[in-house]
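Coordinates in review
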Amino acid sequence: MKPFVEHAARLTGSAATLAAALAAASPIAVLSIAVLPVGSVHAQVPATAPAQDASPAKDPKDAKAVNDAKDAPLPSVVVTGSRISRVNSEGPSPVTVIKSEDLDRLGYKNVSDALSGLTENTGFTQGEDFGNTFTPAANAISLRGLGPNHTLVLVNGRRVADYPTAYEGSVNFVNIANIPSALIDRIEVLSGGASSVYGSDAIAGVVNIVLKKRVEGVSVNLRAGGTQRGGGENARAQVTGGFDGGRLQGVWGIELSGREPIWSRQRDFMADTTLGGAAPTVVFGRRNATGGAYLTPSDGCAAASGLFEGSVAPYQARNGTYCGSGRASPTYWTTQTGNRSAQAAGGLTWRLDGGLELFAEGQFGWARTENNTRGPSWTSDAAGKGYFRNATTNQLEIWTRRFAPEELGGVDRFNRQWRDATHNVAVGARGELTGSWTFEVAANSSYYLNRTTTPRLTAGIESLLLGPRIGTDADGVAIYSADPARLFRPLTPQEIDSVSDRSWTRNASWNQQLSASASGEWFRLPGGPVRAAVVAEAGTQGFRNEADPRLGQGVFYNTSASPTVRGTRERLALGGELNAPITRQLTATVAARHDRYEFAGRSDGSTTYNAGLEFRPLSTLLLRAQHATSFRAPDMNYIFAQQTKGYYSSSTDYYRCAQAGQPLSQCDFAGVSPGFNYVRTGSSDLKSERGRSWGLGAVWQPAASFDLSVDLWKIAIRDLVTDLSADGVLRTEADCRTGVKDAQSPTCQDAVARVRRNPLDALVRPGEVAEIRVNPINAANESTWGVDIGARYSWTTATWGRWTADAKYTRVKSFKYQQFAGDDNRNLVGTPDFGDWPSKLNASLSWQVGDWTHTLAAQRNGRIAREAQDGWLGPYWNVNASTAWQLDKRTRVSVIVNNLFNSIRRDPSATWPYYPVGYYLPHGRQGWIELDYRFGG
């Protein structure tokens with residue numbers, strides 16, 4: 001393989017050469033070298049002024065000015081589309097635009113909240129607001145339900161580094177929780193296949209966050225608020241400004257924010273795990289390992305009765321008595337993380353002679369996030385067997401213990417911490433070439449560093465509770481002379497400190513790219529000028545996950561080694577686009593692009609294309625169609641992950657629940673903590689994904705005050721790379737063993753083989769899951785299709801001011817997933833196996849009268865399956881409200897309420913915490929007061 005720098009030098013030659021090559025090429029040659037969208041975030045092209053903007057001149061001087069303006073070249077703009085459907089500005093693919101003022105007006109908490117609320121974002125995701133996840137310091141979106149890794153997220157049209165830890169331990173993604181709103185101008189969302197335009201990442205769509213290029217004066221924004229039910233107090237301060245020094249112009253912004261966590265104990269409905277009929281969590285448990293019976297403490301738990309706010313008491317189970325509490329889990333679980341962050345962004349433009357300008361852009365961020373997931377616990381793990389021989393009773397025994405805040409010295413003593421530092425920097429030049437052609441060359445670098453510290457019990461906890469080890473029996477079982485009084489007595493914070501420490505991980509990712517693009521008019525057709533754009537890119541990206549070497553060395557209790565994982569890959573791309581107005585009513589867009597990746601000794605690439613048509617039979621009607629192909633190399637996490645062993649924080653054995661005839665809410669084998677062991681491996685032999693997408697739609701605008709759009713969409717992927725979920729494997733295994741699914745199907749045979757259970761005649765824990773094997777695979781097929789409907793209407797009255805109503809509705813009509821060829825390929829929508837939202841509706845009503853602006857925004861999510869998969873949770877409405885008062889030209893005060901009716905979605909079939917985790921939040925009503933003030937400008 002040639003050195004990367006040689007590829008970069010070859011592909012980032014002068015933009016003038018690229019433009020000349022395009023101009024000299026035949027149409028067939030142009031289509032073969034392929035494309036960048038005219039008017040997209042990548043290419044700057046002269047915008048066509050809407051006809052309705054022209055007005056008759058009132059005098060000869062005005063008429064001359066109008067004619068001069070027509071003859072002069074129009075300014076270059078970068079625009080993808082508009083949230084308001086307008087016949088003259090919409091293209092072959094629909095685009096949603098969220099403006100900066102919409103974030104507060106519609107009641108969104110932040111950028112992440114706004115993107116998650118999109119109707120196109122029908123996929124299930126977890127993040128910082130959803131309790132125990134692999135990445136609680138980050139948020140992701142899943143356009144069309146195709147997963148976070150199939151949505152390309154850009155800032156100012158440029159790629160940024162992935163979050164350095166894989167989502168759910170599986171896929172790479174961009175963290176949208178780390179994007180400040182201080183300098184955001186708008187967020188553009190193109191849903192649907194766009195790989196041929198933006199690169200192989202864009203199978204489900206593109207999110208482009210566009211920062212402000214110009215700010216007048218200095219603006220200060222202060223906001224503070226919290227939740228009505230307690231917790232989540234937050235505050236934010238933003239300062240933005242700009243300057244215009246003639247040739248030198250600049251913008252800058254700073255954002256400081258802080259948020260307190262929300263603990264599950266602060267919500268009455270999940271403050272106790274026994275509220276749903278479940279047995280109390282074992283706080284002190286001593287069992288006979290052979291038969292599993294609990295051995296009753298002699299004092300009836302009296303010594304520990306003051307722990308967990310006095311809730312520890314004896315509980316009579318079927319197999320004996322243990323000391324339990326319903327507050328052991330709610331005491332520690334955070335349903336929203338605590339966070340402190342500082343963000344800064346800025347840009348400089350230096351105008352030179354001849355239409356040339358130099359530019360520099362930068363975004364920098366620092367954040368500290370904390371969360372908790374059930375607190376510390378311990379199960380005797382002598383010699384790795386999970387049980388020991390007690391010399392005082394000559395029995396094999398299992399001891400378990402959960403530690404209360406009273407013993408730790410505070411509930412937050414065992415919080416995990418994430419410290420993030422990021423930067424995105426770009427420098428370049430842009431200007432005019434010849435005629436209407438413009439160019440841009442740029443280099444950008446993005447880096448994301450995450451340091452995580454995790455509190456852990458050390459190996460010394462074993463001797464603290466069991467006493468010194470006195471030998472080993474003939475079967476290799478460790479022998480202790482263990483006094484039960486050591487188990488059942490509360491510990492002091494000093495004792496906990498003596499057997500606890502913190503482990504660390506250091507995770508980093510980066511993305512660097514050189515790019516050159518050019519765009520302009522090529523020749524004319526009867527319908528107007530044919531516009532073209534070309535782009536060349538060369539980039540490299542990588543990641544490194546490094547863990548504390550003490551893990552797996554016997555320093556910490558019950559940990560396994562976590563090897564350092566690293567990987568890099570190089571990417572080359574060449575593309576282009578043609579926008580051809582065949583007639584005044586018919587416009588065609590053709591794009592093509594070649595991407596090539598080199599990684600792990602492999603070279604893989606493909607050429608993808610996109611073709612679109614816009615037909616305007618009437619000035620008020622647009623008909624559009626689009627077809628695109630997709631190619632996507634496997635995520636680096638899939639390729640470079642080494643074999644790792646560990647255990648989940650909790651697991652549910654669905655098969656044993658079914659055998660016992662117990663519902664999940666009352667099953668003895670649900671939410672077992674610590675959970676089952678797993679073995680995970682990566683694979684460098686995975687095939688790249690291939691896909692296709694289609695779109696067909698119409699936009700009707702009979703008047704400036706009303707528009708309506710309807711779009712059908714479909715996306716299909718073959719050789720989908722997916723990492724099997726351990727919970728999903730356990731569910732499938734249960735369905736296969738109990739006859740719900742065909743036991744002879746390829747999926748059932750694979751799932752049963754992945755779950756290793758102890759033999760039924762085993763002396764200890766017969767039939768229990770011993771290990772789950774998970775790894776990435778190429779699934780056979782995945783496809784989805786549905787419909788988007790949008791409408792907007794505005795009207796003005798003399799007395800009541802201006803009103804605007806708009807709505808957007810997305811309906812998923814089909815979602816099919818076929819893991820192996822030969823498996824059932826049925827539509828999952830409408831069945832409990834569909835894990836995403838089948839429909840979403842956003843609607844808002846704004847009223848502006850005098851200095852006041854009021855907005856009501858409602859979101860309706862379609863039904864989802866209950867956790868027990870025995871029925872449905874019906875559609876759910878959430879309403880936000882905002883009121884803004886413009887005191888004077890410089891000052892505005894706003895009141896914003898999220899979840900106006902203080903409603904929380906509950907799931908009667910769910911185990912604790914009793915709500916659909918990941919789909920809905922348990923926070924209830926939240927409110928903010930906001931002040932904006934502008935100096936100068």
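In this report, the structure presented in the accompanying data block is examined. (Residues numbered from 1 in each chain as written. Predicted model: local features only at pLDDT ≥ 70, side-chain atom pairs only at ≥ 80, totals over all residues. Heavy atoms only, no water.)

This part is about the overall build of the protein chain. Counting its regular elements, the protein chain contains 16 helices and 47 strands. Of the contacts made within the protein chain by residues no fewer than 6 positions apart, 72% connect residues no fewer than 24 positions apart. By element, 55% of the accessible surface of the protein chain is carried by carbon and sulfur atoms, the whole surface being about 38400 Å². (Helix = DSSP H or I, 4+ residues; strand = E, 2+ residues; numbered from the N terminus. Contact = heavy atoms within 4.5 Å. Areas by Shrake-Rupley, 256 points an atom, 1.4 Å probe, with all protein chains shown as cover.)

With that settled, consider the environment of Glu-260. Counting through the fold element by element, Glu-260 comes out in the loop between strand S10 (248-259) and strand S11 (262-263). Setting aside anything within four residues of it in sequence, one finds Glu-260 in contact with Gly-232, Glu-233, Gln-336, Thr-337, Gly-338 and Arg-340. Engagement of the side chain of Glu-260 in a polar contact is seen with the side chain of Arg-340, the distance being 2.5 Å. (Polar contact = N/O pair within 3.5 Å; in protein donor to acceptor, adjacent residues only side chain to side chain.)

Judged from the 5 bridges that link them, strand S13 (residues 313-317) and strand S14 (residues 320-325) form a sheet pairing that is antiparallel. By the bridge assignment for S14, Pro-314 is matched with Cys-323. The turn linking S13 back onto S14 is made up of 2 residues. (Pairing = 2+ DSSP bridges.)

Here 4 strands make up an open sheet; going across it, the order is S31-S32-S37-S36 and the pairing mixed. In this open sheet, the two strands that pair with only one neighbour each are strand S31 (644-647) and strand S36 (755-757). Between one strand axis and the next, the sheet turns by 20 degrees as a mean value, whatever way the strands run. Relative to strand S37 (residues 769-774), strand S32 (residues 677-680) runs parallel, the two being bridged by 3 bridges. Within the sheet, the bridge partner assigned to Val-679 lies in S37 and is Arg-773. (Axes fitted to C-alpha atoms, helices over the stretch in contact; angles between N-to-C directions.)

Scanning the entire structure with this criterion turns up 27 aromatic pairs. Residues Phe-284 and Phe-488 carry aromatic rings whose centres are separated by 5.9 Å and whose planes lie at 25 degrees to one another, so their mutual orientation is stacked. Of this pair, Phe-284 sits in strand S12 (residues 281-288) while Phe-488 is found in helix H11 (residues 484-488), placing the two residues 204 residues apart along the sequence. Measuring from centroid to centroid gives 6.3 Å for Tyr-597 and Phe-631, while their planes differ by 45 degrees, and the two rings are tilted. Here Tyr-597 is found in strand S28 (residues 586-599), whereas its partner Phe-631 is found in strand S30 (residues 621-632), with 34 residues between them in sequence. Neither residue differs from the other here; Tyr-597 and Phe-631 are each classed as buried. Taken together, Trp-700, Phe-706, Tyr-793, Trp-795, Trp-800, Trp-803 and Trp-847 form an aromatic cluster joined through their ring pairs. (Phe/Tyr/Trp six-rings, centres within 6.5 Å; stacked < 30°, edge-to-face > 60°. Buried < 20%, exposed > 50% of the residue type's maximum accessible area, 1.4 Å probe, protein only.)

Time to look at the sheet that holds strand S7 (residues 205-211). Here 5 strands make up an open sheet; going across it, the order is S3-S6-S7-S4-S5 and the pairing mixed. The two strands at the open ends of the sheet, each matched to only one other strand, are strand S3 (95-99) and strand S5 (158-159). In this sheet, strand S6 (residues 184-191) lies alongside S3 in antiparallel orientation, the contact comprising 5 bridges. Counterpart to Ile-98 in the pairing with S6 is Ile-187.

Another point: a nonpolar patch on the surface. On the surface, Phe-243, Leu-248, Leu-348, Trp-350 and Leu-358 cluster together to form a nonpolar patch covering roughly 440 Å² of accessible area. Locating Leu-248 in the fold gives a position in strand S10. (Patch = residues over 30% accessible without salt bridge, like charges linked within 9 Å, V, L, I, M, F, W, Y side chains within 5 Å. Salt bridge = Lys/Arg side-chain N within 4 Å of Asp/Glu carboxyl O.)

What follows deals with helix H16 (residues 746-754). All of the buried residues in H16 are Thr-747, Cys-748, Asp-750, Ala-751 and Arg-754. An end-on view of H16 places all buried positions within 165 degrees of arc, on one side of the element. Buried positions along H16 lie against helix H15 (726-737), S36, S37 and strand S38 (776-778). (Arc of directions from axis to C-beta.)

What follows concerns the packing of H15 against H16. Geometry of a packed helix pair, given as the angle between the helix axes and the separation of the axes. Orientation of H15 relative to H16, taken along the N-to-C sense of each, is 115 degrees, at an axis distance of 8 Å. Comparing their axes, H16 and H15 come out roughly perpendicular. The hand of the H15/H16 crossing is left-handed. Contacts between H15 and H16 involve Val-729, Thr-732, Glu-733, Cys-736 and Arg-737 from the first element and Thr-747, Cys-748, Ala-751, Val-752 and Arg-754 from the second. (Parallel < 35°, antiparallel > 145°, perpendicular 65-115°, else oblique. Left-handed = near helix turned anticlockwise from the far one by under 90°.)

The topology assignment puts Thr-492 in the loop between H11 and helix H12 (493-498). Residues Thr-492 and Glu-407 lie 85 residues apart in sequence; the distance between their C-alpha atoms is 5.1 Å.

Counted by the stated rule, this structure contains 3 disulfides. Bridging Cys-301 to Cys-323, the disulfide has an S-S length of 1.9 Å. As the torsion about the S-S bond is roughly -95 degrees, the Cys-301-Cys-323 disulfide counts as left-handed. Of the two residues, Cys-301 is situated in the loop between S12 and helix H8 (307-310) and Cys-323 in strand S14; the sequence distance between them amounts to 22 residues. Cys-301 sits in the buried class, given a relative accessible area of 2%. In this model Cys-736 forms its disulfide with Cys-748; the gap between the sulfur atoms is 1.9 Å. What sets the handedness of the Cys-736 and Cys-748 disulfide is the S-S torsion sign, and at about -80 degrees it is left-handed. With a gap of 12 residues between them, Cys-736 in helix H15 and Cys-748 in helix H16 connect regions that are remote in the sequence. (Disulfide = S-S within 2.5 Å.)

Quick look at the pairing of strand S41 (residues 839-849) now. As defined by bridge partners, strand S40 (residues 801-818) adjoins S41 across 10 bridges and the pair is classed as antiparallel. Residue pairing across strands places Asp-806 opposite Ser-844, the latter belonging to S41. The antiparallel hairpin formed by S41 and strand S42 (residues 852-861) contains 2 residues in its connecting segment, where Gly-850 sits at a positive phi of about 60 degrees.

Let us look at the nonpolar core. In this structure, Leu-115, Ile-187, Val-207 and Ile-209 are the most contacted members of the largest nonpolar core, which totals 36 residues. In this view, Val-207 contacts Leu-115, Ile-141, Leu-143, Thr-151, Leu-152, Val-153, Leu-154, Ile-187, Glu-188 and Val-189; residues no more than four positions away in its chain are not counted. Residues Cys-301, Leu-408, Ala-482 and Leu-491 belong to the second largest nonpolar core, which totals 33 residues. (Core = buried A, V, L, I, M, F, W, Y, C linked by side-chain atoms within 4.5 Å.)

The subject of this paragraph is H15. Across its 12 residues, H15 extends 16 Å between first and last C-alpha, which sits within 8% of the 16 Å expected from 1.5 Å per residue. Among all positions in H15, only Ala-726, Val-729, Leu-730, Thr-732, Glu-733, Ala-734, Asp-735 and Cys-736 are buried. Directly after H15, the chain includes Gly-739, whose backbone phi takes a positive value near 90 degrees. (Expected span 1.5 Å × (residues − 1).)

Counted by the stated rule, this structure contains 48 salt bridges. By sharing partners, the salt bridges in this structure join Arg-158, Glu-357, Glu-361, Arg-430 and Glu-440 into a single network.

Attention now moves to the environment of Arg-826. Note on placement: Arg-826 falls in the loop between S40 and S41. Side chain to side chain, Arg-826 and Asp-824 meet in a polar contact 3.0 Å long.

Turning our attention to unusual backbone geometry. Trans is the prevailing form of peptide bonds, just as negative phi is the prevailing case for residues other than glycine. Residues Trp-912 and Pro-913 are joined by a peptide bond in cis, for which omega reads 15 degrees. Residue placement: Pro-913 occurs in the loop between strand S46 (891-898) and strand S47 (926-935). Its identity is not glycine, yet Asn-558 carries a phi of approximately 55 degrees, on the positive side. Within the secondary structure, Asn-558 sits in the loop between strand S26 (528-547) and strand S27 (565-581). The partly exposed category is assigned to Asn-558, whose relative accessible area is 28%. Within the chain, Gln-869 stands out as a residue other than glycine whose phi angle is a positive 55 degrees. Within the secondary structure layout, Gln-869 lies in the loop between strand S43 (864-865) and strand S44 (872-873).

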